[in-house]
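Below, each chain spelled out in residue letters.
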Amino acid sequence: MNPPLLKLTNVNKSFGPIDVLYDISLEVKAGEVLCLLGDNGAGKSTLIRIMSGVHTPTSGTIEMNGKVVAFKSPRDASEHGIATVHQFGGTFPLMSIGRSFFVGAEPTKGWGPFKRFDRVRANDIAVKAVQGLGITRIDDGDRLVGGLSGGERQALAIARAVHFGASVLILDEPTAALGVKEAAHVLRIVLQARRKGIAVIFITHNVVHALTVGDHFAVLIRGAKAADFKKGEKSREEITDLMAGGEHMAELEAEIESYMAVHDAP
Ligand SMILES: Nc1ncnc2c1ncn2[C@@H]1O[C@H](COP(=O)(O)OP(=O)(O)O)[C@@H](O)[C@H]1O
Ligand SMILES: [Mg+2]
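Worth saying up front: this structure is predicted, and the values here are computed from it rather than measured. (Residues numbered from 1 in each chain as written. Chains lettered and ligands numbered in written order. Predicted model: local features only at pLDDT ≥ 70, side-chain atom pairs only at ≥ 80, totals over all residues. Heavy atoms only, no water.)

With respect to the overall build of the protein
This is how it is decided: By the criteria applied, helices consist of DSSP H or I runs no shorter than four residues and strands consist of E runs no shorter than two, each listed in order from the N terminus. Buried means the residue's accessible area, taken with a 1.4 Å probe over protein chains only, is under 20% of the maximum for its type, while exposed means over 50%, and partly exposed covers the values in between. Any two residues whose heavy atoms approach within 4.5 Å are treated as being in contact. Reported accessibility uses the Shrake-Rupley method at a 1.4 Å probe radius. Residues are deemed covered only where the shown protein chains occlude them.
Counting its regular elements, the protein contains nine helices and twelve strands. Residues classed as buried in the protein amount to 45% of the 266 residues present. Here the contacts in the protein between residues at least 6 apart in sequence split such that 64% fall between residues at least 24 apart. Summed over its atoms, the accessible surface of the protein is roughly 13,100 Å², and 53% of this surface lies on carbon and sulfur atoms.

Side note on the packing of aromatic side chains
Defined as follows: Pairing of aromatic rings covers Phe, Tyr and Trp, the last counted by its six-membered ring, and requires centre-to-centre distances within 6.5 Å; plane angles under 30 degrees mean stacked, over 60 mean edge-to-face, and any other angle means tilted.
A full pass over the atoms with the stated rule returns four aromatic pairs. Seen in terms of ring centroids, Phe 101 and Phe 102 are 5.2 Å apart; in terms of plane orientation they differ by 65 degrees. Their pairing is edge-to-face. Phe 102 carries the same exposure label as Phe 101, and that label is buried. With a centroid separation of 5.7 Å and an interplanar angle of 85 degrees, the aromatic rings of Phe 102 and Phe 164 are classed as edge-to-face. Of this pair, Phe 102 sits in the loop between helix H3 (97-101) and strand S7 (108-109) while Phe 164 is found in the loop between helix H5 (150-163) and strand S9 (168-172), placing the two residues 62 residues apart along the sequence. Exposure remark for Phe 164: the relative accessible area of 40% places this residue in the partly exposed category.

A look at the pattern of salt bridges
Basically, it comes down to this: Criterion for a salt bridge: a side-chain nitrogen of Lys or Arg within 4 Å of a carboxyl oxygen of Asp or Glu.
What the rule picks out here adds up to ten salt bridges. Among the salt bridges present, the one from Asp 76 reaches Lys 72, with a minimum N-O distance of 3.9 Å. If you follow the salt bridges from partner to partner, you end up with Arg 236, Glu 237 and Glu 257 in one network.

Looking at the confidence of the model for the protein
Rules: As a per-residue quantity, pLDDT reports the predictor's confidence and falls between 0 and 100.
Averaged over every residue, the pLDDT of the protein is 88; residues scoring 70 or more account for 90%. Across the protein, strand S1 (residues 6-15) holds the top mean pLDDT of 98, while S7 sits lowest at 61.

Examining the site of ligand 1
For clarity, the threshold we go by: Being near a molecule or strand, for a residue, means having at least one of its heavy atoms within 4 Å of it. Two N or O atoms form a polar contact when they lie within 3.5 Å of each other; inside protein one atom must be a possible hydrogen donor and the other a possible acceptor, and for residues adjacent in sequence the pair counts only when both atoms belong to side chains. Each residue gets one of three labels, nonpolar for Ala, Val, Leu, Ile, Met, Phe, Trp, Tyr, Cys and Pro, charged for Asp, Glu, Lys and Arg, and polar for the others, Gly among them.
In the region of ligand 1, the neighbouring residues are Phe 15, Val 20, Asp 39, Asn 40, Gly 41, Ala 42, Gly 43, Lys 44, Ser 45 and Thr 46. Between ligand 1 and Lys 44 there is a distance of 2.8 Å, counted from an oxygen atom to a backbone nitrogen or oxygen. One of the side-chain N or O atoms of Thr 46 is found 2.6 Å from an oxygen atom in ligand 1. Surface burial for ligand 1 is 61%, taken as the share of its 570 Å² of free accessible area covered by protein chains. A total of three residues in the shell around ligand 1 trace back to one element, the largest contributor, which is helix H1 (residues 44-51). Its residues assigned to classes, the shell around ligand 1 comprises three nonpolar, five polar and two charged.

In structure tokens form, the structure reads like this:
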């Protein structure tokens, strides 16, 4: 038996008169990647903000390990083991790698008034954590986060979540702004997190990226779950069709074909 680590049941979300999410039920287990697919504006970010304590659902329940939870804040969700890497980074460009790794959890030396940030130790831990995920180019914890590539920033954020023992890792479009090689790196790291037994929720609108790492898939269309299926149950064409709601198929097909011809899946 592998019960769901995180489970949403009939979650609705409205902002005043605007209904954004309708009756969303989802679950993700330890060591599983759930891909949340959907076009821009489908409600993906709103849904993950609910899972990470930024928004409270208008109705519906969230359970972790079979117990109903109501996150009061992002910190509360994070204390429950939910680590979220929000869209467009969420890191601090002017901070060093070592310092950003420990924001809110700095290792200190000395005590009382002598307590201060242990830079050398923080750098050492951060660099080891990132290298542990195969990013060996990062070897100096004093480097600024702003100087890292998009893929390296994603790797740093994921390494941080793994290091601090997250049980659920939510990644909002981690590969959206990346080149193919960098995207492949991030996808490999997602699989490493999964192998460590983490439940990963991977948001993307890239069907190829989703199929590369996903065990389970849910498609959101205009705030509602349009489909929910496991690996192998639908083809790339069927998923693309679903996401497009049957519209503009020829156009999309041609676009995907040319993408595949140039890059191919890793
Ligand atoms: N705070 C808010 N107030 C009103 N509408 C919102 C708010 N946040 C998101 N929305 C609306 O909800 C819809 C879904 O947005 P979002 O969750 O960001 O979609 P996605 O991440 O799938 O692109 C959009 O139409 C957006 O304008
Ligand atoms: Mg979004």
